[in-house]
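Secondary and tertiary structure notes
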Amino acid sequence: MWTWFYRLASPPHVYRTAAALTPWFYAVAAVLIGYGLVDGLVFAPRDYQQGDAFRIIYVHAPSAWLSLFAYTTMAVAGAIALIWRIKVGYAVAAAAAPIGASFTLSALVTGSLWGRPMWGTYWAWDPRLTSELILLFLYFGVISLRQAFEDPARGDRAAALLGVVGVVNVPIVHFSVTWWNSLHQGGTVMRLGKPEMPGSMLWPLLAMLAGFMFFFGAVLCMRVRGEVLNRERQSTWVREAVKS
Amino acid sequence: MGGYARFVWPSISLAIGVLIWNIWSARRHHARALLRATRAVAMARSEEQ
C-alpha cells in the first residue's frame, strides 16, 4: 500500500495528473460560476430584510469558504510532507498559499462592503472578522517564511510547520459566530437542520460554492505543476518532458 | 440594485478580479518554471558538448 501511495505522490505522476485535470476543472468552474452569477444576480428574489445587498453573498460566502479550504489543504499537505517526507506535499502547500491569501482578502473586502449598509460600518473587531484577518496574516506569514531562508528545503519545512500550527485558527473562524456574540450572521447553508434560504436563493449559492472549489482545483493544479518543475528541474524526467 | 449598487457591483468586480488574477498568476508561475527548466536543460546540453 505504501509503495502505491509513494508512487501516486511521485513528482512526475503529480505533474502529469495535474496537467490532465486542469482543463476539466476550469470548464466545470466556468459553467458553475457563470450559472451562479446570472441566477444569483438576475433571477434570485431580493431578500425581505437586506434587499439587493444580500446578493454580495454570491461572491462573499464562496471566497470565505475557499479561504478556509485552501488553508486546510495547505496545512494537510505540509503535515504529509513533514511526517512522511513526501516532497510533493511542500509543492502543494506552496501552491495553495497565494490562492488562499487572495480569497481571504476577497472575503474580507466583500464582507466589509456588505457590512457597511447592514451594520453601518465597514469594519468591526468582531470575532468572525478578526479571526479571518488573522487567517490572512497567517497566509502572509507562511509565504514570507518560505522565502526567508537561503536553503529552500529549510524554508519549506518552516513554512509547513507554521501552516500546521496555524490550522487551529480554521475552526475558530468557522465556529466564531456560534461561540461568541457576533455582528456577523450565523450559518445559513452549513446547518445541521434545513438551510434557512429558499431554493431560488440557495441553488445559485451552491453553484458558486462548487464553482469556486473547482476553480481552486484548476489553479492549484497549475501552480503545483510550476512548483514541481522548479523543484525537479535537474531530474531526468523533467529533462525528457522539456525536450518533448 | 435597490440603492445598494455601490456595494454590490464593487464586490462582484473584486471577486471576478481575484479569479482573473489567480488564472494569470498561476499561468505565469508555470510558464516561468518551464522557462527555467528549459534553460537548465540547454545549459546541461552545452556542458556535455
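Note on numbering: residues in each chain are counted from 1, in written sequence order. To read the labels, note that chains go from A and ligands from 1, taken in the order they are written. Restriction of local features to residues with pLDDT of at least 70 applies here, the model being predicted, together with a cutoff of 80 or more for giving and counting side-chain atom pairs; totals for whole chains, interfaces and linings are based on all residues. To get the side-chain values, take all heavy atoms of the structure and skip hydrogens and water.

**Observations concerning the overall build of chain A**
What counts, and what does not: The helix count covers DSSP runs of H or I at least four residues long, the strand count covers runs of E at least two residues long, and both are numbered beginning at the N terminus. The reference for a compact globule is 2.2 Å times residues^0.38; the radius of gyration itself is calculated from the C-alpha atoms. Here's how the labels work: a residue is buried when its accessible area is under 20% of the maximum for its type, exposed when over 50%, partly exposed in between, all with a 1.4 Å probe on protein chains only. Under the convention used here, a 1.4 Å probe and the Shrake-Rupley method define accessible areas, while residue burial counts only the protein chains that appear.
Summing up its helical and strand segments, chain A has 9 helices and 0 strands in all. For chain A, the α and β elements follow one another from N to C terminus as α-α-α-α-α-α-α-α-α. Against the compact-globule benchmark of 18 Å for 244 residues, chain A has a radius of gyration of 20 Å, which places it among compact chains. Projected onto its principal axes, the C-alpha coordinates of chain A cover approximately 60 × 35 × 30 Å. Counting across all 244 residues of chain A, residues that qualify as buried make up 52%. Of the roughly 11900 Å² that chain A leaves accessible, carbon and sulfur atoms contribute 67%.

**Structural notes on the side chain of Ser-106 of chain A**
All names here are of chain A. Condition: Think of a polar contact as two N or O atoms within 3.5 Å of one another; within protein, one of them needs to be a possible hydrogen donor and the other a possible acceptor, and neighboring residues in sequence only count if both atoms come from side chains.
Checked against the element boundaries, Ser-106 lands in helix α4 (residues 87-119). The class of Ser-106 is buried, set by a relative accessible area of 1%. Separated by 3.1 Å, the side chains of Ser-106 and Ser-63 make a polar contact.

**Observations regarding the packing of helix α2 (residues 11-43) of chain A against helix α8 (residues 199-232) of chain A**
Residue and element names in this part refer to chain A. Rules: Lines fitted to the C-alpha atoms define the axes, with helices restricted to the stretch that makes contact. Angles between their N-to-C directions range from 0 to 180 degrees. When an angle is under 35 degrees it counts as roughly parallel; over 145 it counts as roughly antiparallel; between 65 and 115 it counts as roughly perpendicular; any other value is oblique. In this scheme the crossing of two helices becomes right-handed for a clockwise turn of the near helix relative to the far one and left-handed for an anticlockwise turn of less than a right angle. As a working rule, the residues Ala, Val, Leu, Ile, Met, Phe, Trp, Tyr, Cys and Pro are called nonpolar, Asp, Glu, Lys and Arg charged, and the rest polar, with Gly in that last group.
Between α2 and α8, the least distance of the axes is 7 Å, while the angle of their chain directions is 155 degrees. Looking at the two axes, α2 sits roughly antiparallel to α8. Crossing hand, α2 versus α8: left-handed. Classifying every residue of the contact of α2 with α8 gives 29 nonpolar, 5 polar and 3 charged.

**Considering the side chain of Arg-225 of chain A**
Applicable threshold: Two residue types count as positive, namely Lys and Arg, and two as negative, namely Asp and Glu; His and chain ends fall outside the count. Every case where a carboxyl oxygen of Asp or Glu lies within 4 Å of a side-chain nitrogen of Lys or Arg is listed as a salt bridge. Contacts are residue-level and defined by heavy atoms, with any inter-residue pair within 4.5 Å sufficient.
When you line up the elements, Arg-225 of chain A lands in helix α8. Look at Arg-225 of chain A: it is buried, it has no salt bridge, and the nearest opposite charge is Glu-227 of chain A at 13 Å. In this view, Arg-225 of chain A contacts Tyr-15, Ala-18 and Ala-19 of chain A together with His-30 of chain B; residues no more than four positions away in its chain are not counted.

**Structural notes on α4 of chain A**
It helps to recall that an α-helix has 3.6 residues per turn; residues three or four apart then point in one direction. Quick note on the threshold: The span one expects for a helix is its residue count, reduced by one, times 1.5 Å.
For α4 of chain A, spanning 33 residues, the distance from its first C-alpha to its last is 46 Å, which sits close to the expected 48 Å at 1.5 Å a residue. The buried fraction of α4 of chain A amounts to 26 of the 33 residues, a majority that puts the element mostly inside the structure.

**Focus on the environment of Ala-218 of chain A**
All names here are of chain A. Tracing the backbone shows Ala-218 in helix α8. For Ala-218 and Gln-147, which are 71 residues apart along the polypeptide, the C-alpha to C-alpha distance reads 24 Å. Residues in contact with Ala-218, not counting those within four places in the same chain, are Thr-22, Phe-25 and Tyr-26.

**So, the layout of surface pockets**
A probe matching the size of a water molecule, rolled over the atoms, marks out where space remains unfilled. Residue and element names in this part refer to chain A. Cut-off, in case you're wondering: Detection works on a 1 Å grid of protein atoms alone, calling trapped sets that fit a 1.4 Å probe cavities and calling open sets with protein on both sides within 12 Å along at least five of seven lines pockets, with lining residues defined by an atom within 4 Å of a point. Grid points are joined across faces, edges and corners, and a volume is the space filled by probe spheres set on the points.
Considering only enclosed or pocket space, the second largest pocket measures out at about 700 Å³ in volume. As for the second largest pocket, its lining consists of 22 residues, and the residues nearest its centre are Ala-94, Arg-146, Asp-156, Glu-227 and Arg-231. Elements represented by at least two residues in the lining of the second largest pocket include exactly α4, α5 (127-147), α6 (152-166) and α8. Examining the composition of the lining of the second largest pocket, we find that 7 residues originate from one element, α4, more than from any other.

**Notes on the pattern of salt bridges**
Residue and element names in this part refer to chain A. Inspection of every chain in the model, using the stated rule, returns 6 salt bridges over all chains. Of the charged contacts, one joins Lys-87 and Glu-232 as a salt bridge, the two residues approaching to 3.6 Å between their closest N and O atoms. Note that Lys-87 is positioned in helix α4 and Glu-232 in helix α8, a separation of 145 residues in sequence. Using a relative accessible area of 14% as the deciding quantity, one classes Glu-232 as buried. Asp-156 is the partner of Arg-231 in a salt bridge, and the nearest nitrogen-oxygen pair spans 2.6 Å. Remark: Asp-156 occurs in helix α6 and Arg-231 occurs in helix α8; sequence separation between them is 75 residues. Given the relative accessible area of 32%, Arg-231 is considered partly exposed. Residue Asp-156 is classed as buried on the basis of its relative accessible area of 8%. Because the salt bridges share partners, they merge into one network encompassing Arg-146, Asp-156, Glu-227 and Arg-231.

**Notes on unusual backbone geometry**
The backbone phi angle of Arg-85 of chain A is positive, close to 55 degrees, even though this residue is not glycine. When its relative accessible area of 69% is taken as the criterion, Arg-85 of chain A is described as exposed.

**With respect to the interface of chain A and chain B**
Inclusion rule: The term buried area denotes the loss of accessible surface (1.4 Å probe radius) that occurs when two parts are joined, taken as the sum for both partners.
On the chain B side, the residues contacting the 40 residues of chain A number 31 residues. In total, chain A and chain B occlude about 3100 Å² of area from one another, counting both sides; carbon and sulfur atoms represent 76% of this. Looking at the side of chain A facing chain B, the largest losses of area belong to Met-222, Arg-223 and Val-242 of chain A, adding up to 17% of the total buried there. Along the contact surface separating chain A from chain B lie 0 salt bridges.

Interpretation in functional terms is not warranted from these geometric data alone.
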